[in-house]
Amino acid sequence: MENGSCAAGDTELDREVRLWLQRDKNPKTVSMVQDMVKEGATEALKKCFSSRMEFGTAGLRAAMGPGISCMNDLTIIQTTQGFCRYLEESFGNLKERGVVIGYDARAHPPSGGGSKRFASLAAAVFISRGVPVHLFSDITPTPFVPFTVSHLGLCAGIMVTASHNPKQDNGYKVYWDNGAQIVAPHDKELLLKNPYEDTNTQYFKAIQKHCHHRDINKSSEVKIVHTSVHGVGHAFVQSAFKAFDLHAPYAVEEQKDPDPEFPTVKYPNPEEGEGVLTLSFALAEREGATVVLANDPDADRLAVAEKQESGQWRVFSGNELGALLGWWMFYCWKQQNSDTAAAAVKSLYMLSSTVSSKILRAIALKEGFHFEETLTGFKWMGNRARDLLDQDKTVLFAFEEAIGYMCSPFVLDKDGVSAAAIAGEMISYLATKKTSLSQQLTAIYQEYGYHITKNSYFICHDQDVIRSLFERLRNYSGKKDSYPAECGRFSISAVRDLTTGHDSNQPDNKAILPTSSSSQMITFTFSNGGVATMRTSGTEPKIKYYTELCAAPGNSDVAQLKKELDDLVDAIVENFFEPEKNKLQPKPE
């Protein structure tokens, strides 16, 4: 095969490449494929053409480049054509309601790909089929897209972003219609609209409903540093602080403007902690700031760090920040509803994913509101929140341990912008009580019980090994459909397997949460108050584990609790993972 010509005995790869060269109109990706063909670079061609990207409920994520396995002009057009057809079948009024499309600042000069270009191509597909498109005229945080879907009563939203993935990646994230009331009919003649100004105004107006201490915010002397890690967050977090009358946070100059190269960090992921925050800590030291806030590049996640009395910086885990924000949201709600709280609390809900800390459950038990668990990911929490809101319930807060927080019903997804402003107000309020975030976290644990967590993963590229590891746990000691009753010295009181649908805690042994045979996920509950979930990653060759020890209020021997959890994790690794036998690679330090 040469330059798209066809020879007898074509392989499947040859046919895919030939079709690609006929259909692709981007000279850069065409040239890249032609060069690979000319050089006989079969392995490189296989990487680009071996399997089409899978379009799941959360959309696509892959490297930018040529071929059906990558993000590029042609795969964006084809994906959008398929998505548009699906929406046409699902909504009779799609051409009245329309869709919204947003994008971040990612770009890939070698292939000519980039978020803005992909967003424009997607918009062109919808417009060619007579569907009105609200296309943002500039980069926006991811939460602006679900906000606009709700605010304008649209059928769907698309955000072109790869969040905190490496710089060569991009993604196509989909938001479905969520049952919001349709606003006044759109002008059917004008198909392309720019929602930027309206969303910008309405979003910051909406989040002000969560500002409860404006006077404290105005007079606060707390100094806060913010980094957007070369992403879109800078201007929007500055606006959010302004909406709360908080003093503007100090911006990390080297990281505040969008840069698709992410030049100052190895990975643009604030979950990585100190490595990503080095420049933030340096600025905080210069300015005398005690708190650092960090967004990931599409500003839907939030990390927080605080300077301790020792002079060291403490980066809070996603679970710890979930405890702080959950406590704060309930504290403010109780203050706002002091007259009716006793009755209203019965309609109040908080949510978290099943691999996140159970601290909200402990607070709910003591305070009388409802707590629910969902499967991992905000698509589950957002949909459950929508269901509850439709039943006239109040959904106050939802979080996942991967530093994702939903503090407002206006965005039924994680939102690092509103969370940053709400965290800023919480920090300012605590400062008036001469209390740090670390001290408040300790107070929460003392009141509701310590929740100590330890999460990590092993790397495994062999699917057969992964399968046999989990099957062994389902047929323990050689007995079919028999789960382990202990792990080392730790007794197991319950097992939930969301791959098979088994849950020993339920009367009929059937799990309540949705199950999926395509991924592995088993949760063990231990007699000592420990919980451990083992699951496979949907996007990486990892077997993850999430462990937590939940102590009763009053048990404040933290060192002993940490030792107990360390021992439990060691037992799980030794008995359930068997890393040496299975040749598993530990998480790199």
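This write-up is about the structure you can find in this document. (Residues numbered from 1 in each chain as written. Predicted model: local features only at pLDDT ≥ 70, side-chain atom pairs only at ≥ 80, totals over all residues. Heavy atoms only, no water.)

Some remarks on the sheet that holds strand S2 (residues 99-103)
Here is step 1 of the chain: Spatially, the 6 strands line up as an open sheet ordered S1-S7-S6-S2-S5-S8, and their pairing is mixed. The sheet terminates laterally at strand S1 (60-63) and strand S8 (192-193), the two strands that pair on one side only.
Here is step 2 of the chain: Along the sheet, helix H4 (residues 73-90) contacts S1, S2, strand S6 (156-160) and strand S7 (169-176); its crossing angle with S7, the most-contacted strand, is approximately 5 degrees.
Here is step 3 of the chain: Together, S2, strand S5 (133-135), S6, S7 and S8 form the strand contacts of helix H6 (residues 115-128), whose direction differs from that of S2 by roughly 165 degrees. (Pairing = 2+ DSSP bridges. Helix = DSSP H or I, 4+ residues; strand = E, 2+ residues; numbered from the N terminus. Contact = heavy atoms within 4.5 Å. Axes fitted to C-alpha atoms, helices over the stretch in contact; angles between N-to-C directions.)

A few points about the sheet that holds strand S9 (residues 224-227)
Here is step 1 of the chain: Taking strand neighbours across the sheet as the criterion, the 5 strands line up as S10-S9-S11-S12-S13 in an open arrangement whose pairing is mixed. Only two strands of the sheet have a single neighbouring strand rather than two, namely strand S10 (250-251) and strand S13 (313-315).
Here is step 2 of the chain: Sheet analysis places S9 next to strand S11 (residues 291-295), joined by 4 bridges and oriented parallel. Within the sheet, the bridge partner assigned to Thr227 lies in S11 and is Ala294.

A look at the packing of aromatic side chains
Here is step 1 of the chain: In the structure shown here, the tally under the stated rule is 28 aromatic pairs.
Here is step 2 of the chain: Measuring from ring centre to ring centre gives 6.3 Å for Phe83 and Phe126, while their planes differ by 85 degrees; the resulting arrangement is edge-to-face. Residue Phe83 is found in helix H4, and its partner Phe126 is found in helix H6; the two are separated by 43 residues along the sequence. Considered together, Phe83 and Phe126 belong to a single accessibility category, that of buried residues.
Here is step 3 of the chain: Measuring from centroid to centroid gives 4.9 Å for Phe524 and Phe576, while their planes differ by 40 degrees, and the two rings are tilted. Here the residue Phe524 occupies a position in strand S22 (residues 521-526), and Phe576 occupies one in helix H19 (residues 558-577), the gap between them amounting to 52 residues. In this structure, Phe524 and Phe576 share a single accessibility class: buried. (Phe/Tyr/Trp six-rings, centres within 6.5 Å; stacked < 30°, edge-to-face > 60°. Buried < 20%, exposed > 50% of the residue type's maximum accessible area, 1.4 Å probe, protein only.)

Examining helix H15 (residues 378-390)
Here is step 1 of the chain: In this model, H15 (13 residues) spans 18 Å end to end at C-alpha, consistent with the 18 Å of a helix rising 1.5 Å per residue.
Here is step 2 of the chain: Within H15, the full set of buried residues consists of Phe378, Met381, Gly382, Ala385, Arg386 and Leu388. Along the axis of H15, the buried positions cluster into a sector of 165 degrees, meaning they face one direction only.
Here is step 3 of the chain: On its buried face, H15 is in contact with strand S14 (348-353), strand S15 (370-374), strand S16 (394-400) and strand S17 (404-406).
Here is step 4 of the chain: Phi for Asp392, located one or two positions after H15, is positive at around 65 degrees. (Expected span 1.5 Å × (residues − 1). Arc of directions from axis to C-beta.)

Quick notes on the pattern of salt bridges
Pairing of side chains with opposite charge becomes possible as their charged atoms draw close.
Here is step 1 of the chain: Tallied over the full model, the rule gives 31 salt bridges.
Here is step 2 of the chain: Salt-bridge contacts for Glu285 lead to Lys307; the nearest nitrogen and oxygen are separated by 2.8 Å. Here Glu285, found in helix H11 (residues 274-287), pairs with Lys307, found in strand S12 (residues 302-307); they are 22 residues apart in sequence, far enough to count as distant.
Here is step 3 of the chain: Overall, the relative accessible area of 30% leaves Lys307 in the partly exposed class.
Here is step 4 of the chain: Where Asp390 meets Arg386, a salt bridge forms, and the shortest distance between an N and an O atom there is 3.3 Å. In this pair, Asp390 and Arg386 both sit in helix H15, 4 residues apart, roughly one turn of the helix. (Salt bridge = Lys/Arg side-chain N within 4 Å of Asp/Glu carboxyl O.)

Considering empty space enclosed by the protein
Here is step 1 of the chain: Enumeration according to the criterion identifies 3 cavities of 30 Å³ or more in this entry.
Here is step 2 of the chain: The volume enclosed by the largest cavity comes to roughly 90 Å³.
Here is step 3 of the chain: Residue lining of the largest cavity: 14 residues in total, with Val355, Ser356, Lys358, Tyr546 and Glu548 positioned closest to the centre.
Here is step 4 of the chain: For the lining of the largest cavity, the secondary structure elements donating two or more residues are strand S18 (451-459), strand S23 (530-536) and strand S24 (542-550).
Here is step 5 of the chain: When grouped by side-chain class, the residues that make up the lining of the largest cavity number 4 nonpolar, 8 polar and 2 charged.
Here is step 6 of the chain: Here the lining of the largest cavity spans two domains, since at least three of its residues come from each of domain 3 (211-448) and domain 4 (450-586). (1 Å grid on protein atoms, 1.4 Å probe; cavity = no way out; pocket = protein on both sides within 12 Å on 5 of 7 lines; lining within 4 Å. Points joined across faces, edges and corners; volume = space filled by probe spheres on them. Nonpolar A, V, L, I, M, F, W, Y, C, P; charged D, E, K, R; others polar. Domains from an automatic or database assignment.)

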